[in-house]
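Breakdown of the fold
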Amino acid sequence: MSYDDLNPSGAANPRHIAIIMDGNGRWAQQRFMPRAFGHQAGVKAVRKIVEYCAQQKVEVLTLFAFSSENWRRPEDEVSMLMGLFLATLQSEINKLDRNNIRLRFIGNRSQFSESLQKKMAEGEAQTQGNDALTLVIAANYGGRWDMCQAFQQVLDKMAAGRLPRQNITEQLVNQHLSTTDIPEPDLFIRTGGEQRVSNFMLWQLAYTEMYFTPTLWPDFDEQSLETAITSFKGRQRRFGHTGEQILNKLVTL
Ligand code: IPE
Ligand code: IPE
Ligand code: MG
């Protein structure tokens, strides 16, 4: 008997999983190690989860790597994170490419160093034709930033007379967000025990299923992700309909 037989109204597999990878610092502190050690361990967890998602044929995996607010951290931690980001891209891009993974970045990259921006652009260009997993890295990303940059584009088009006011629909807003052409996240996961969104994909999470776990990011493995996906699959997504409408397949979602 499949899981679907047990729970006919359960959700299908998530197409897009979006993760706030939190808890690296505490993981290191528990080991009496500097926070940097936790971030390095976090990269190893990223590798495992990316591989697993590719194997499981997840379409999109978004990882929140650095928020627009993370610049507020001590300078040495920020520069350590920038160095780790660049080194990780240098060592991983070819591997991602070989595995047919498409790499993409969202966030305001103009604040990054030129060498980092260059590597990001190279990684995207090199992998753009790949069609297994799309790996989206949110770097210097904020949900509010995303909406502001969308407003700017929309207002520029209006000012140029290319966009009548009544054309501003949800679909049009979607098209101007950094996630344009990426399906909305089905499953949101935050590790590290905090139950907040911390300015991640504010618009895109409107109907995403939320999953919070106390597991610290470096300890989050394939089994932990499987548990999150099982929780997701046991839920009935209603999108405003009644449970009966979903159960009796009276509506198509
Ligand atoms: C998440 O782990 C990684 C980044 C924000 C870059 P943290 O560094 O926030 O770890 P904690 O929350 O302090 O344990
Ligand atoms: C969110 O984690 C950002 C990332 C994981 C990249 P934080 O650790 O920065 O979030 P807050 O500050 O606790 O809300
Ligand atoms: Mg944190």
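Each chain has its residues counted from 1, running along the sequence as written. Each chain gets a letter, beginning with A, and each ligand a number, beginning with 1, in the order they are written. Two thresholds apply to this predicted model, a pLDDT of at least 70 for residue-level local features and 80 or more for giving and counting side-chain atom pairs, whereas whole-chain, interface and lining totals are computed over all residues. Hydrogen atoms and water are omitted, and side-chain values are computed over all heavy atoms in the structure.

Moving on: the packing of helix H4 (residues 75-98) against helix H5 (residues 114-127). Orientation of H4 relative to H5, taken along the N-to-C sense of each, is 15°, at an axis distance of 10 Å. Between H4 and H5, the interaxial angle falls into the category roughly parallel. In terms of crossing hand, the pair formed by H4 and H5 is left-handed. Facing H4, whose interface residues are Met82, Phe85, Leu86, Leu89, Gln90, Ile93, Asn94 and Asp97, H5 presents Ser115, Leu116, Lys119, Met120, Gly123, Gln126 and Thr127. Fitting a line to C-alpha atoms yields each axis, with helices limited to the stretch in contact; the angle taken between N-to-C directions then spans 0 to 180 degrees. Every helix listed is a DSSP run of H or I at least four residues long, and every strand listed is a run of E at least two residues long, numbered separately from the N terminus. If an angle is under 35 degrees, it is roughly parallel; if it is over 145, roughly antiparallel; if it lies from 65 to 115, roughly perpendicular; otherwise it is oblique. Crossing handedness is defined as follows: a turn of the near helix away from the far one that is anticlockwise and smaller than a right angle gives a left-handed crossing, while the clockwise case is right-handed. Between two residues, a contact is recorded if the distance between any of their heavy atoms is within 4.5 Å.

Side-chain atoms within 4.5 Å are what join buried Ala, Val, Leu, Ile, Met, Phe, Trp, Tyr and Cys residues into a set we call a nonpolar core. Exposure categories follow from relative accessible area, calculated using a 1.4 Å probe and restricted to protein chains: below 20% of the type maximum is buried, above 50% is exposed, and the middle band is partly exposed. With 40 residues, the main nonpolar core has Ile17, Ile19, Leu61, Phe85, Leu135, Ile189 and Leu225 as its most contacted residues. Residue contributions to this core peak at eight residues, all from H4. Ile20, Val60, Ile182 and Leu205 belong to the second largest nonpolar core, which has 13 residues in total.

A molecule or strand has a residue near it when one of that residue's heavy atoms lies within 4 Å. As a matter of local geometry, ligand 1 sits amid Met21, Asp22, Gly23, Asn24, Gly25, Arg26, Arg35, His39, Ala65, Asn70, Arg73 and Leu81. Asparagine 24 places a main-chain nitrogen or oxygen 3.1 Å from an oxygen atom of ligand 1. In protein, a polar contact requires one atom able to donate a hydrogen and another able to accept it; more generally it is a pair of N or O atoms within 3.5 Å, and residues adjacent in sequence count only if both atoms are side-chain atoms. One of the side-chain N or O atoms of arginine 73 is found 2.7 Å from an oxygen atom in ligand 1. Accessible surface is estimated by sampling points in the Shrake-Rupley manner with a 1.4 Å probe; for residues, cover comes only from the protein chains shown. The fraction of the free accessible surface of ligand 1 (380 Å²) that becomes covered by protein chains is 87%. At the level of elements, helix H2 (24-30) and helix H3 (35-55) are the ones that each hand at least two residues to the shell around ligand 1. Residue contributions to the shell around ligand 1 peak at three residues, all from H2. Split by residue class, the shell around ligand 1 holds three nonpolar, five polar and four charged. Note on residue classes: Ala, Val, Leu, Ile, Met, Phe, Trp, Tyr, Cys and Pro are nonpolar, Asp, Glu, Lys and Arg are charged, and everything else, Gly too, is polar.

This brings us to the confidence of the model for the protein chain. Each residue carries a pLDDT score, the predictor's confidence in it, ranging from 0 to 100. Taken as a whole, the protein chain shows an average pLDDT of 95; of its residues, 96% reach a score of 70 or greater. Here helix H1 (residues 3-6) is the element of the protein chain with the lowest mean pLDDT, 43, and strand S1 (residues 16-20) is the one with the highest, 99. Overall, residues 1-6 carries pLDDT values under 50, and its contacts beyond four positions in sequence, including any with other chains, amount to four contacts.

Next up on the list: the side chain of serine 67. Along the chain, serine 67 turns up in strand S2 (residues 60-67). Its relative accessible area of 7% is what places serine 67 among the buried residues. Leaving out residues up to four positions away in the same chain, serine 67 has contacts with Asn140 and Tyr141.

Time to look at the site of ligand 2. As a matter of local geometry, ligand 2 sits amid Ile20, Met21, Asp22, Phe64, Ala65, Phe66, Ser67, Asn70, Arg73, Arg190, Arg196 and Ser198. Between ligand 2 and aspartate 22 there is a distance of 3.1 Å, counted from an oxygen atom to a side-chain nitrogen or oxygen. Arginine 196 is positioned with one of its side-chain polar atoms (N or O) 2.7 Å from an oxygen atom of ligand 2. Its free accessible area being 390 Å², ligand 2 has 78% of it covered by the protein chains. The class makeup of the residues in the shell around ligand 2 is five nonpolar, three polar and four charged.

Another point: the sheet that holds strand S3 (residues 102-106). The sheet built from six strands is open, its strands ordered S3-S4-S2-S1-S5-S6 with parallel pairing. In this open sheet, the two edge strands, each paired with only one partner strand, are S3 and strand S6 (209-212). Each strand axis lies, on average, 20° off the axis of its neighbour in the sheet, ignoring direction. Strand pairing follows a simple DSSP-based rule, namely that at least 2 bridges must link the two strands. Here five bridges tie S1 to S2, and the two strands are oriented parallel to one another. Bridge pairing in S2 places alanine 18 opposite threonine 62. Set on the sheet, H4 makes contact with S2, S3 and strand S4 (134-141); between it and S3 the angle comes to about 155°. In the packing of helix H8 (residues 222-233) onto the sheet, the strands contacted are S1, strand S5 (187-190) and S6, and the crossing angle to S5 comes to about 135°.

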